[in-house]
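Descriptive analysis of the structure
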Amino acid sequence: MTTLRRHCLIALASAAWALAPFGAHAAATLDQPAPAFTVPGADGKPVSLSAYKGKTVVLEWTNHECPFVRKHYDRSGNIPKLQKEATASGVVWLQVISSSPGSQGHVTGAQAQKLNQQRGAAPSAVLIDADGKVGKAYGAQTTPHLYVINADGKLVYKGGIDSIPSSNVSDIAKADNYVKLALADVAAGRKVAQASTQPYGCSVKYSD
Amino acid sequence: MTLNVSLLLPALLLALAAPCVAHAQAEAKTEQVAVRLVSAAATVQPGQSLLVGVQQKIIPHWHTYWANPGDSGLPTTIAWTLPAGATASPIHWPTPSRYSLGPITNYGYADEVTLPSVVQVPADLRDGGRFGLKAKVDWLVCHDVCIPQNATLSLSLPVSTAATASADADLLQQAQARVPQRGDAARWQLDGGKLQLSLPQGAPAHDAAYFFARKWGLVAHAEPQQLQQARLSIAPGDNAPKGGDAVDGVLVLFKEGKPVQSLAIGHDPAPLTPVPVSTAPAGAATSADAPSLLLALGLALLGGLILNLMPCVFPVLTIKVLSLLQTAQGSRRVVRLHGLVYLAGVLASFAALAGVLIALKAGGGSVGWGFQFQSPVFVLLVALLMFAVGLSLSGVVTIGSSAAGLGQGLASQPGLRGSFFTGVLATVVATPCTAPFMGVAIGYAVTQPPAVTLAVFLALGLGLALPYLLLCEWPALQRRLPRPGAWMDRLKQALAFPMYASAAWLAWVLARQAGPEALAVALAGAIGLALAAWLYSNTRDLGARGRHASAVIAVLLVVGTVGFGTLGVTGTSTAPPATTAADSGWEPYTPERLATLRREGKPVFVNLTADWCITCLVNERVALSPSHVDEAFRQAGITRLKGDWTRGDERITRLLAEHGRSGVPLYLFYPAGPQVEPQVLPQLLTPDLVLTALKAPTSP
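Residues numbered from 1 in each chain as written. Chains lettered and ligands numbered in written order. Predicted model: local features only at pLDDT ≥ 70, side-chain atom pairs only at ≥ 80, totals over all residues. Heavy atoms only, no water.

Quick word on the overall build of chain A
To be explicit about the condition: Counting from the N terminus, the helices are DSSP H or I runs at least four residues long and the strands are E runs at least two residues long. Burial classes follow relative accessibility: with a 1.4 Å probe on protein chains only, a residue under 20% of its type's maximum area counts as buried, one over 50% as exposed, and anything between as partly exposed. Two residues form a contact once any of their heavy atoms are found within 4.5 Å. Areas reported as accessible are Shrake-Rupley estimates using a 1.4 Å probe. Residue values count occlusion only from the protein chains shown.
The secondary structure content of chain A amounts to seven helices and nine strands. Buried residues in chain A amount to 53% of all 208 residues. For chain A, the share of sequence-separated contacts (at least 6 apart) that also reach a separation of at least 24 residues comes to 70%. By element, 55% of the accessible surface of chain A is carried by carbon and sulfur atoms, the whole surface being about 8700 Å².

This is the structure we're talking about:
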C-alpha cells in the first residue's frame with residue numbers, strides 16, 4: 001500500500017466520519033486523541049466512541065477462527081475472563097471485527113452475539129467493521145490486537161494481549177498480560193508503563 | 001599375508017554391520033508444509049561443528065515466518081533435544097522475503113526454506129556409537145488464514161572420526177549461501193522523522209534496497225523504504241531507535257529486481273560462519289588447504305621411497321639386492337620379471353592395507369597409519385616374524401623356498417614366489433615407520449572415497465618398490481654393484497642384527513602395551529621359534545622319515561608358540577596403559593589441558609607419539625631431549641604435552657585428524673597469545689629446527 005493510497009483512504013475516511021486528524025503512518029498515536037468512529041453494532045444500533053467519553057475504553061480486534069484468538073477464547077477463556085473483570089470495574093470493552101465479507105472471521109451481528117454467548121465472552125458491544133475503516137484508522141494488524149483509550153479519549157495503550165507471542169495455551173500463565181497491566185495503570189491514574197507492545201496473531205482480514 | 005587377513009575379517013564384519021541413517025522420524029507432513037530434519041554429514045565426528053537444518057517445503061501461496069514476522073505471524077522455532085554436552089546454535093535465518101496484503105506486511109519464506117543451525121558435538125563421544133538429534137519444530141503457516149503447526153523430528157547418526165557427507169550436504173550448502181553475510185554495525189540517524197540508514201561502502205551496483213529489521217517496532221514494516229544516494233529512508237515503528245540503540249537487521253540490495261547482496265548489519269545475532277561441508281562422496285577435497293590428489297600421490301611416492309631407508313626395511317631390501325647379485329648372470333628377462341613380481345608383492349600388500357582401512361572406515365572405526373600396531377597381537381606376530389627373519393639371516397635355518405626368498409635361484413618358480421613375499425615382508429616391516437611426506441598423503445587418503453584411498457596407498461607401495469624395480473630394469477645399474485663373493489654371507493649375517501634389534505624393540509612395545517606377561521609370552525615364543533629352526537636344520541641329514549618327523553615337530557612348535565602367544569597376549573591386553581609420567585618435563589596430553597592453556601594464551605608444544613613409531617622415538621631422542629633443547633623449552637615457559645597413541649586414543653586420533661593426519665608423529669607448536677594457529681613441525685626433527693620454531697615470532 002503506497003503512501004498515496006493511504007492518504008486517499010485517510011481523506012475518504014475523514015470525509016465520511018469526520019475523524020480527528022492523525023499521523024501519516026501510525027494511524028492511532030499514543031497520547032493523542034483516539035480516532036473517532038461510528039460503526040454498526042451487532043444488535044444493529046450504531047456504536048460511537050464519543051458516547052463513552054469519561055470512561056476507559058478497550059478496543060479488541062478479533063476473528064473467531066484465528067488460532068491465536070482461539071488460544072485466548074475457546075481454549076483458555078483468557079480474554080472472556082478479562083472482559084468480565086474489566087466491565088465489572090466500569091471499563092467499556094468493544095470487540096471489533098474487521099474481516100471483510102467472504103474472508104475468515106467475517107460474521108453477521110447475530111452470529112457474533114451467538115459466538116460470544118457460546119464462548120462465555122462478555123464485551124460491552126461488538127463492532128462489525130466489515131469495510132475495515134476503523135481497523136485501518138487504528139492501524140490494527142493482528143487478531144487479537146488491543147487498544148486502550150482513557151477517560152479523556154486519548155490512546156494510552158496499543159499492542160498485544162500479552163508478552164509471549166505464541167499459539168500455545170500454556171504460555172498464557174507465563175506471560176505478562178499487557179492489557180491487564182495497562183488497565184491497572186489507568187485505574188490508578190498512572191502513566192501506562194508498557195504503552196506500545198508487539199501485537200501477535202493472524203493478520204486482520206482486510207478486503208485489500 | 002595372513003596377518004592382514006586376520007584383521008580384514010573383523011573389519012568386513014564391522015562394515016556389514018555398519019548402521020544406516022534412520023529416516024523414519026526425520027520427516028513430517030501437514031497439508032501445507034513438509035518438514036524434514038537434515039544433516040550435512042552422514043557421520044558425526046567427536047568435537048566437530050555439525051551443520052544441520054530444518055527444511056520446510058510449503059505449498060504455493062502460503063508462507064512461514066522469519067525471526068521478525070512483520071506485522072503479524074510468528075517465527076518458526078526449533079527446540080533441540082541433544083545428547084549431553086551437545087549444544088545447538090540459534091537458527092541462522094536465511095534472508096527473508098516480503099509479503100504485503102493491504103496495510104499488513106510480513107517477512108518470511110514461501111515455497112522452500114532450510115533453516116540451518118550448528119550443533120557443537122562434544123569431544124568425548126565414543127567412536128562407533130550413535131548421536132541422536134531431536135527437534136521440536138513449531139511454525140505458523142499463513143495464506144488467507146493462519147495455521148499453527150508443529151512436528152517432532154529426529155535423526156540418529158553414527159559417530160565416526162571419518163567425515164562423510166550426507167545426501168543433504170548440497171541442500172545445506174545452499175541454505176548457508178542464503179544466510180546473509182556479516183556486515184558492519186548500522187550507521188543511522190533519525191532525520192525528518194525518518195530513520196536514515198547509510199549503506200555500507202563498497203556495495204555492489206544496485207537500484208533498490210530494503211532493510212528487514214530484526215525486532216518488531218524498529219521500523220514500520222508496511223511503509224515503503226526510499227533509497228536516495230547511499231541512504232535508505234525508513235519510517236520508524238512504534239519502538240523507534242533512540243541514540244545508542246542498536247539497529248539490527250538484514251540489508252538487501254537489489255538490481256533490476258534481483259537481490260545482489262544481503263548483509264547482516266548490527267550485532268545480533270552473529271551470522272553463520274560457514275561450516276565446511278564435506279563432499280567426500282563426490283571425491284573433492286574436504287577443505288581448501290587439503291592437498292590435491294596429484295600432490296598426495298607425489299608425496300606418497302616420495303614417502304614410499306624414503307621408507308626403503310627405515311631401519312626395519314633396509315635389511316630386507318639389502319638382502320634382496322644381494323640375491324640379485326648372486327644371479328647377475330641370470331637372463332635379463334628373468335631379472336626384470338623378479339623386479340615386477342616384487343612390485344606386485346608390495347602393491348598387493350598395500351592394496352590389502354588400503355582395503356582394511358576402507359573397511360574399518362566404512363564400519364565407523366578410527367584408523368590411521370600404523371593403526372594395526374595398536375593391537376598387541378599384531379605387535380607380537382611382527383616381533384616373532386622379525387626374529388624369524390633374523391634367524392634365517394644368521395644361517396640358523398635356511399627355509400627351502402623361504403618366505404623371504406633369500407638367496408634362492410632366481411630362475412625357479414619358488415624364486416619368483418620368494419620375490420613376491422619379499423614385497424609383502426617389506427610392507428609388513430615398513431608399517432611401524434612413518435617416513436616424511438607420508439603423513440600428509442595418508443591423512444588425505446583416509447578422508448577420501450575408497451578409490452582415492454587405494455590410489456594413494458598404491459603410490460606409496462610404488463615408492464617402496466621403486467629402488468629395487470629400477471635396479472632390476474636397468475642393467476647398467478646392476479653392473480655398478482660390487483662383485484658377489486664371500487663378503488655377501490658376512491653382510492647377510494650382519495644384517496640379522498638390525499632384525500633382532502627390531503624384534504627386541506617390538507617386544508618392548510608389547511610390554512608397554514600389554515604388560516610384563518605379554519613380554520614373557522613373546523620371549524617364550526622366540527625361544528620356541530629358535531628351537532623349531534634348530535630342530536629343522538639339524539635333522540636335514542637324517543633319512544626321509546627323520547626329516548619329516550622333525551619338520552612336523554618344528555611346525556607344531558611354531559604353531560604352538562605363535563598360537564599360544566596370541567592367546568596369552570589377548571588375555572593380557574587389558575592391562576593398564578604404560579605410564580608416561582617418567583618423561584621429565586612432559587605432561588600427558590588431554591584436550592581439556594590444551595584448551596585451558598590456550599585460553600590463558602600460554603605457549604604449548606604438543607608431541608603426539610607412539611612407542612611403536614620409530615620416527616617418533618628417534619625425534620624424541622635426537623631433537624626433543626637434548627639438554628639445550630630442554631633448556632629452551634623451560635626458558636620460554638612452554639608447556640610440553642605428550643600424547644601417547646601406543647594403545648590408540650580417540651582424543652589423539654581427533655587432534656591428528658584436525659591437522660589432516662592419520663598417524664603419528666605430529667608436532668604442534670602454539671606460540672603465546674590467545675588465538676594463534678599452531679605451527680606444524682616436520683615429521684623429521686633436528687634440534688635446530690625445534691629451536692628455530694620456538695623462537696618464531698608469536699604473530700599468527
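Re the state of the cysteines
Using the following cut-off: When the sulfur atoms of two cysteines come within 2.5 Å, that pair is taken as a disulfide.
Going through the model one piece at a time under the given rule, you end up with two disulfides over all chains. With a sulfur-sulfur separation of 2.1 Å, Cys66 of chain A is cross-linked through a disulfide to Cys202 of chain A. Disulfide Cys66 of chain A to Cys202 of chain A: torsion about the S-S bond roughly 90°, handedness right-handed. Taken together, the residues Cys66 of chain A in the loop between β3 (57-61) and α2 (67-72) and Cys202 of chain A in strand β9 (residues 202-203) connect sequence positions 136 residues apart. Note on Cys66 of chain A: relative accessible area 0%, which makes it buried. Between Cys142 of chain B and Cys146 of chain B runs a disulfide, and the two sulfur atoms are separated by 2.2 Å. Between Cys142 of chain B and Cys146 of chain B, the S-S dihedral sits near 115°, and the bridge is therefore right-handed.

Focus on the side chain of Thr76 of chain B
Here Thr76 of chain B is to be found in the loop between β4 (63-70) and β5 (77-81). When near neighbours in sequence (up to four residues on either side) are disregarded, Thr76 of chain B contacts Gln56, Thr64, Tyr65, Ile91, Trp93, Leu115, Val137, Asp138 and Trp139 of chain B.

Some thoughts on the pairing of strand β2 (residues 33-39) of chain B
Residues and elements named next belong to chain B. We apply this condition: Two strands are counted as paired when DSSP detects at least two bridges linking them.
The element β2 is extensively covered by neighbouring structure, given that five of its seven residues are classed as buried. Here strand β1 (residues 27-29) runs beside β2; their pairing, made up of three bridges, is antiparallel. Each bridged residue has a counterpart across the sheet, and for Lys29 the counterpart in β2 is Ala34. From the end of β1 to the start of β2, which pair antiparallel, there are three residues. Where β2 meets strand β3 (residues 49-58), seven bridges bridge the pair, whose relative direction is antiparallel.

Describing the environment of Thr197 of chain A
Applied cut-off: We define a polar contact as two N or O atoms separated by no more than 3.5 Å, with the added condition that, inside protein, one atom must be a possible hydrogen donor and the other a possible acceptor, whereas residues neighbouring each other in sequence contribute only through side-chain atom pairs.
Structurally, Thr197 of chain A is set in the loop between α7 (178-187) and β9. Expressed as a C-alpha distance, the spacing of Thr197 of chain A and Gly159 of chain A, which sit 38 residues apart in the sequence, is 4.5 Å. Not counting residues up to four positions away in its chain, the partners in contact with Thr197 of chain A are Tyr157, Lys158, Gly159, Gly160 and Tyr178 of chain A together with Trp216 of chain B. Within the structure, Thr197 of chain A has its side chain in polar contact with the backbone nitrogen of Gly160 of chain A (distance 2.9 Å).

A few points about the pattern of salt bridges
Residue and element names in this part refer to chain B. Keep this limit in mind: What counts as a salt bridge is simple: a side-chain nitrogen of Lys or Arg found within 4 Å of a carboxyl oxygen of Asp or Glu.
The final tally for this structure, using the stated rule, is 16 salt bridges over all chains. A salt bridge links Lys136 to Asp138; the shortest N-O distance between them is 2.8 Å. For Asp630, the salt bridge is made with Arg640, and the minimal N-O distance between the two is 2.7 Å. Taken as a pair, Asp630 in helix α16 (residues 627-635) and Arg640 in strand β22 (residues 639-644) lie far apart in primary sequence, ten residues in all. Here Asp630 falls in the buried class, since its relative accessible area comes to 18%. Here Arg640 falls in the buried class, since its relative accessible area comes to 4%. Where salt bridges share partners, they join Asp630, Arg634 and Arg640 into one cluster.

Looking at the pairing of β3 of chain A
Residues and elements named next belong to chain A. Burial within β3 is extensive, with five of its five residues counted as buried. What you see with β3 is no split at all: Val57, Leu59 and Trp61 on one side and Val58 and Glu60 on the other are buried throughout. With five bridges connecting them, β3 and strand β7 (residues 145-149) associate as antiparallel partners. In the strand pairing of β7, Leu59 is matched with Tyr147.

Observations regarding the packing of helix α11 (residues 487-514) of chain B against helix α12 (residues 516-538) of chain B
All names here are of chain B. Heads up, the rule is: In this description, a line fitted to the C-alpha atoms serves as the axis of each element, helices being fitted only across the stretch in contact, and the angle between N-to-C directions of two axes falls anywhere from 0 to 180 degrees. Residues were grouped as follows: Ala, Val, Leu, Ile, Met, Phe, Trp, Tyr, Cys and Pro as nonpolar; Asp, Glu, Lys and Arg as charged; and all remaining residues, including Gly, as polar.
Remark: α11 packs on α12, axes separated minimally by 6 Å, with the N-to-C direction vectors making an angle of 145°. On α12, the residues that touch Ala507, Leu510, Ala511 and Ala514 of α11 are Pro516, Glu517, Ala518, Leu519 and Ala522. Across the contact of α11 with α12, the residue classes tally to eight nonpolar, no polar and one charged.

Some remarks on the confidence of the model for chain B
All names here are of chain B. Selection rule: Each residue carries a pLDDT score, the predictor's own confidence in it, on a scale running from 0 to 100.
Here chain B shows a mean pLDDT of 78. Residues at 70 or above account for 80%. Scored below 50 in pLDDT, residues 1-24 shows 34 contacts in the model against residues more than four places distant or in partner chains. The ipTM assigned to the predicted complex is 0.81, against a pTM of 0.52.

A look at the interface of chain A and chain B
Using the following cut-off: Buried area: the sum, over both parts, of the accessible surface (1.4 Å probe) that disappears when the two are put together.
Across the boundary between the two partners, chain A contributes 26 residues, which contact 22 residues of chain B. Of the roughly 2100 Å² buried between chain A and chain B on both sides combined, carbon and sulfur atoms contribute 59%. Across the pair Lys158 of chain A and Asp238 of chain B runs a salt bridge, and its minimum N-O distance is 3.2 Å. Put simply, chain A and chain B have four residue pairs in polar contact (both at pLDDT 80 or more) between them. Elements represented by at least two residues in the side of chain A that touches chain B include exactly α1 (3-17), α2 and β9 of chain A.

Concerning helix α2 (residues 169-178) of chain B
Residues and elements named next belong to chain B. What counts here: Note that the arc is computed from the directions linking the helix axis to the C-beta atoms.
Buried residues of α2: Ala169, Leu171, Leu172, Ala175 and Gln176, and no others. Mapping the buried residues of α2 onto a view down its axis gives an arc of 160°, with all of them on the same face. In α2, the exposed positions angled more than 90 degrees off the buried face are occupied by Asp170, Gln174 and Ala177. Here the buried face of α2 lies against β2, β3 and β9 (112-120).

Side note on a nonpolar patch on the surface
Formally: Here a patch means residues that are over 30% exposed by relative accessible area and free of salt bridges, tied together within 9 Å if like-charged and within 5 Å if nonpolar (Val, Leu, Ile, Met, Phe, Trp, Tyr).
On the surface, Val396, Leu531 and Trp534 of chain B cluster together into a nonpolar patch covering about 280 Å² of accessible area. Take Val396 of chain B: its relative accessible area is 32%, and that puts it in the partly exposed class.

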